[in-house]
Amino acid sequence: MAKNSADLVDQYARGLLAIVDAEGALDRAANELYRFGQALEANNELREALSDQQVPVERRLAVVDELLDTSADPQTVATVAHVIQSGRGRLLVDIIQAFTRAAASQRDRAVAEVRTAVDLTDEQRERLRKALGEATGRDVELKVIVDETVVGGVLATVGDTVIDGTVSRQLARMRAR
């Protein structure tokens, strides 16, 4: 991403964060936006539909309403709608990622994206959160993604640090010996 685009993404993320925080919806909206961003990243067709300037903005907003439905916090819907209405749909995933990082930073936390083959129990999440916190020296906010490409174990990314505890990585290490 070009520097100007990165600056624009950061400006949008910080501005939207301030609004969502002032409305008292930061934790919930940050989690919902993260999940929405993951869905966008995984679905090229959806990402293109939301960023295509040839599609009327009303239609793109209807898609957002349909996807987020009534279960999402109104601030989550308003945040996504604002980005699309502003003609920045192509930057939506980047803005959401920057928003998530800024929200975690504001709460003095690091975001840990954790990929596993199966969903984790609350107990497993808490143990992993503590272990990653000890490894990074920061309070960690987990974002767990169930990923079918992970055969077993955990792949965690905290900032620039990648901790690969997957079965595939362990097998590769054994083969290398």
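Further up the page is the structure itself.
These numbers come from a predicted model, not from an experiment. Sequence order as written defines the numbering, with residues in each chain counted from 1. The model is predicted, so local features are restricted to residues of pLDDT at least 70 and side-chain atom pairs to those at 80 or more, both for listing and for counting; the totals for chains, interfaces and linings are taken over all residues. With hydrogens and water excluded, all non-hydrogen atoms of the structure serve as input to the side-chain values.

Remarks on the packing of helix 3 (residues 44-51) against helix 4 (residues 57-68)
And then number 1: Following both chains from N to C, one finds helix 3 and helix 4 inclined at 135°, their axes separated by 8 Å at the closest point. Between helix 3 and helix 4, the crossing angle belongs to the class labelled oblique. The element helix 3 and its partner helix 4 pack so that their crossing is left-handed. Contact residues: Leu-46, Ala-49, Leu-50 and Ser-51 in helix 3; Arg-60, Val-63, Val-64 and Leu-67 in helix 4.
And then number 2: Throughout, the ten residues Ala, Val, Leu, Ile, Met, Phe, Trp, Tyr, Cys and Pro are labelled nonpolar, Asp, Glu, Lys and Arg are labelled charged, and all others, Gly among them, are labelled polar. In terms of residue class, the contact of helix 3 with helix 4 is made up of six nonpolar, one polar and one charged. With axes taken as lines fitted to C-alpha atoms, and helix axes fitted only over the stretch in contact, angles between N-to-C directions fall between 0 and 180 degrees. Put simply, DSSP marks the helices as runs of H or I at least four residues long and the strands as runs of E at least two long, and each gets a number from the N terminus on. Roughly parallel refers to an angle under 35 degrees, roughly antiparallel to one over 145, roughly perpendicular to one between 65 and 115, and oblique to any angle outside these ranges. Left-handed describes a crossing whose near helix is turned anticlockwise from the far helix through less than a right angle; right-handed describes the clockwise counterpart. A contact between two residues is defined here by any heavy atoms of the two lying within 4.5 Å.

What about unusual backbone geometry?
And then number 1: A positive phi angle, close to 55°, is found at Asp-108, a residue other than glycine.
And then number 2: Residue position: Asp-108 is located in the loop between helix 6 (92-106) and strand 1 (109-116).

Some points on the sheet that holds strand 1
Pairing between sheet strands relies on hydrogen bonds along the backbone, with the strands arranged either parallel or antiparallel.
And then number 1: An order of 2-1-3-4 is seen for the four strands of this open sheet, with the pairing classed as mixed. The open sheet has two free edges, formed respectively by strand 2 (139-146) and strand 4 (161-166), since each of these has just one partner strand. Across the sheet, the mean angle from the axis of one strand to that of its neighbour is 20°, orientation sign disregarded.
And then number 2: With six bridges joining them, strand 3 (residues 153-158) and strand 4 adopt antiparallel strand pairing. Note on strand 4: the bridge partner recorded for Gly-153 is Thr-166.
And then number 3: Sheet strands touched by helix 6: strand 1 and strand 2. Its angle to strand 1, the strand with the most contacts, is close to 130°.
And then number 4: Contacts from helix 7 (residues 122-136) reach strand 1, strand 2, strand 3 and strand 4 within the one sheet, and its direction differs from that of strand 2 by about 130°. Two strands qualify as a pair provided DSSP detects at least 2 bridges between them.

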